[in-house]
Amino acid sequence: MNKEYMKTRMLTIIMLIFTFGFAYGQENPNNSKLDKNVVEISQLKSEIAELKSEIIELKEKAQWKNEIFEQRLQQASDTIANQNSLFDGFGVLYGIITVIIALIGIALPILTYQFGIKPSQNALKEFENNADKKMEDFLEKSRNKQIEQAIENIKSQNPELKSNATTFLSLTQHQGFTDEQLYKLFLILKSADIDETTKGQIAFSISNKKSDYATEYFTTALQNNYVNIKYAAIKYFVNIGFDNHLNIFRDLISKSENKYIELVTLLTWLYSLNKNSILTVINNKDIVDSLDQQALKTLKGALPSLNKTWRIEENEFEKSYLNEMVKKASSQQA
């Protein structure tokens, strides 16, 4: 039994060993494959982990790039917005400039006409209307400058300058002189440095315009019987109103040594100045009564020929006070 037991036990052990050996022999290839699979799985896991890490990294990079992209996109949006705003501003500015240019295009012709062409037309029209006046003003200014120079030249010691100056004044005297110019000329007339001939020429030049200076000067000249001034004085009083100054001529004749010559000279000059003044003189009682008998006697034979010169109407001459006094003086002598 023990032997059988031992044999069975041995057989059992051998079978176990064989079984384990077979099992071990069967299990090694599987285990190797499994290990290989495990290794591959481990590698795969490692690769998966690395891939996951890379994916995470890529995801992070993608997220970072997205953030950068979003920032760039925001910047681009801001830039576009700014550009749009700028373009809008330029658009508004362009619109304003366009409107301004349009307004200028409309207004410029109007302004050009209003402030350029129209004033020129008005100026031209005004010039045409006032051309004569402007020319007169220009000539007057030019003449006044020449007169001022002539007045200065009269004071010169150069005979040629003095002669030219008095000639110029004589040629322009009909246009008259300003009060200031008259005053300067009267100062020259009263100056002892000016010769009598020059004074006579100056006096003639200023005898056309009434002034207080001229009235005073010519009255004094006749009272003092300035020979060179006499004709200019008579001309002056004829111009300003001979009838209002008859007393001056009455005194002139009454103070004269040769009353006949004085009267005839006066009447002869009056004939060249104002013929009607002759009638005034020969009918003025004060003037005729200032004649002496010698003058009346001389006039008796001279009156007919004088009347031919004076050309007084015969009936007016016959009725004159002078003719009556001459006849009366003749009858008394007879």
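Refer to the preceding data block for the structure.
The present account deals with the structure reproduced in this document. Keep in mind that this is a model prediction, so the values were computed, not measured.

**Remarks on the overall build of the protein chain**
At step 1: Helix and strand counts for the protein chain stand at 13 helices and 0 strands.
At step 2: Written out in order from the N terminus, the α and β elements of the protein chain read α-α-α-α-α-α-α-α-α-α-α-α-α.
At step 3: The buried share among the 334 residues of the protein chain stands at 27%.
At step 4: Here the analysis covers contacts within the protein chain between residues at least 6 apart in sequence; of these, 65% occur between residues at least 24 apart.
At step 5: Taken as a whole, the protein chain presents about 23,200 Å² of accessible surface, with 57% of it coming from carbon and sulfur.

**As for the environment of A233**
At step 1: Along the chain, A233 falls in helix α6 (residues 227-241).
At step 2: Not counting the four nearest positions on each side in its chain, A233 is found in contact with F218 and L222.

**Quick notes on the packing of helix α7 (residues 246-254) against helix α8 (residues 259-273)**
At step 1: The geometry of α7 relative to α8 is characterised by a closest axis approach of 8 Å and an angle of 145° between their N-to-C directions. Judged by residue contacts, F249, L252, I253 and S254 of α7 engage K259, E262, L263 and L266 from α8.
At step 2: Classifying every residue of the contact of α7 with α8 by side-chain character gives 5 nonpolar, 1 polar and 2 charged.

**As for the packing of aromatic side chains**
At step 1: Within the structure shown, the criterion is met by 10 aromatic pairs.
At step 2: With 5.4 Å between their ring centres and 55° between their planes, Y183 and Y213 make a pair best called tilted. With Y183 in helix α3 (residues 179-189) and Y213 in helix α5 (residues 212-223), this pair connects stretches of sequence that are 30 residues apart.
At step 3: Among the residues examined, Y183 registers a relative accessible area of 41% and is labelled partly exposed.
At step 4: Between F204 and Y231, the aromatic rings sit 6.2 Å apart at their centres with planes inclined by 15°, giving stacked as the arrangement. Note that F204 is positioned in helix α4 (residues 196-205) and Y231 in helix α6, a separation of 27 residues in sequence.
At step 5: We classify F204 as partly exposed; its relative accessible area is 27%.
At step 6: The side chain of R143 reaches across the aromatic face of F177, ending 5.4 Å from its centre.

**Thoughts on the pattern of salt bridges**
At step 1: Counted under the stated rule, the structure contains 8 salt bridges.
At step 2: Note that E148 and K184 form a salt bridge whose closest N and O atoms lie 2.9 Å from each other. Taken together, the residues span a long stretch of sequence, with E148 in helix α1 (residues 2-154) and K184 in helix α3 at a distance of 36 residues.
At step 3: For E148, a relative accessible area of 25% translates into the label partly exposed.
At step 4: Residue K184 is classed as partly exposed on the basis of its relative accessible area, which comes to 26%.
At step 5: The structure contains a network of salt bridges with shared partners spanning E148, E180 and K184.

**Some points on unusual backbone geometry**
At step 1: You will see that N225, though not glycine, has its phi angle at about 55°, which is positive.
At step 2: Relative to the helices and strands, N225 resides in the loop between α5 and α6.
At step 3: In the Ramachandran plot, R311 falls in the positive-phi region, its phi being about 60° despite a non-glycine side chain.

**Some thoughts on the environment of E314**
At step 1: Note that E314 resides in helix α12 (residues 314-319).
At step 2: Along the primary structure E314 and P304 are separated by 10 residues, whereas in three dimensions their C-alpha atoms are 10.0 Å apart.

**Topic: the packing of α8 against helix α9 (residues 275-282)**
At step 1: Their axes nearest at 6 Å, the elements α8 and α9 cross at an angle of 150°. In terms of axis orientation, α8 runs roughly antiparallel to α9. Residues L263, L266, L267, L270, Y271 and L273 of α8 lie in contact with α9, whose contacting residues are K275, S277, I278, V281 and I282.
At step 2: When its residues are assigned to classes, the contact of α8 with α9 shows 9 nonpolar, 1 polar and 1 charged.

**Topic: the side chain of S277**
At step 1: Assignment of secondary structure puts S277 in helix α9.
At step 2: When sequence neighbours within four positions are dropped, the list of residues in contact with S277 reads V238, F242 and L270.

**Some points on the nonpolar core**
The nonpolar side chains of a soluble globular protein tend to be buried, and buried together.
At step 1: Core analysis: the largest hydrophobic core is formed by 61 residues, its most contacted members being L185, F218, F249, L270, L291, L299 and L322.
At step 2: In terms of residue count, α6 provides more of this core than any other element does, 8 residues in total.
At step 3: For L185, the contacting residues outside a window of four places in its chain are I151, I154, L169, F177, I202 and I206.

Calculation notes
Residues numbered from 1 in each chain as written. Predicted model: local features only at pLDDT ≥ 70, side-chain atom pairs only at ≥ 80, totals over all residues. Heavy atoms only, no water. Helix = DSSP H or I, 4+ residues; strand = E, 2+ residues; numbered from the N terminus. Buried < 20%, exposed > 50% of the residue type's maximum accessible area, 1.4 Å probe, protein only. Contact = heavy atoms within 4.5 Å. Areas by Shrake-Rupley, 256 points an atom, 1.4 Å probe, with all protein chains shown as cover. Axes fitted to C-alpha atoms, helices over the stretch in contact; angles between N-to-C directions. Nonpolar A, V, L, I, M, F, W, Y, C, P; charged D, E, K, R; others polar. Phe/Tyr/Trp six-rings, centres within 6.5 Å; stacked < 30°, edge-to-face > 60°. Lys NZ or Arg CZ within 6 Å of the ring centre and 35° of its normal. Salt bridge = Lys/Arg side-chain N within 4 Å of Asp/Glu carboxyl O. Parallel < 35°, antiparallel > 145°, perpendicular 65-115°, else oblique. Core = buried A, V, L, I, M, F, W, Y, C linked by side-chain atoms within 4.5 Å.

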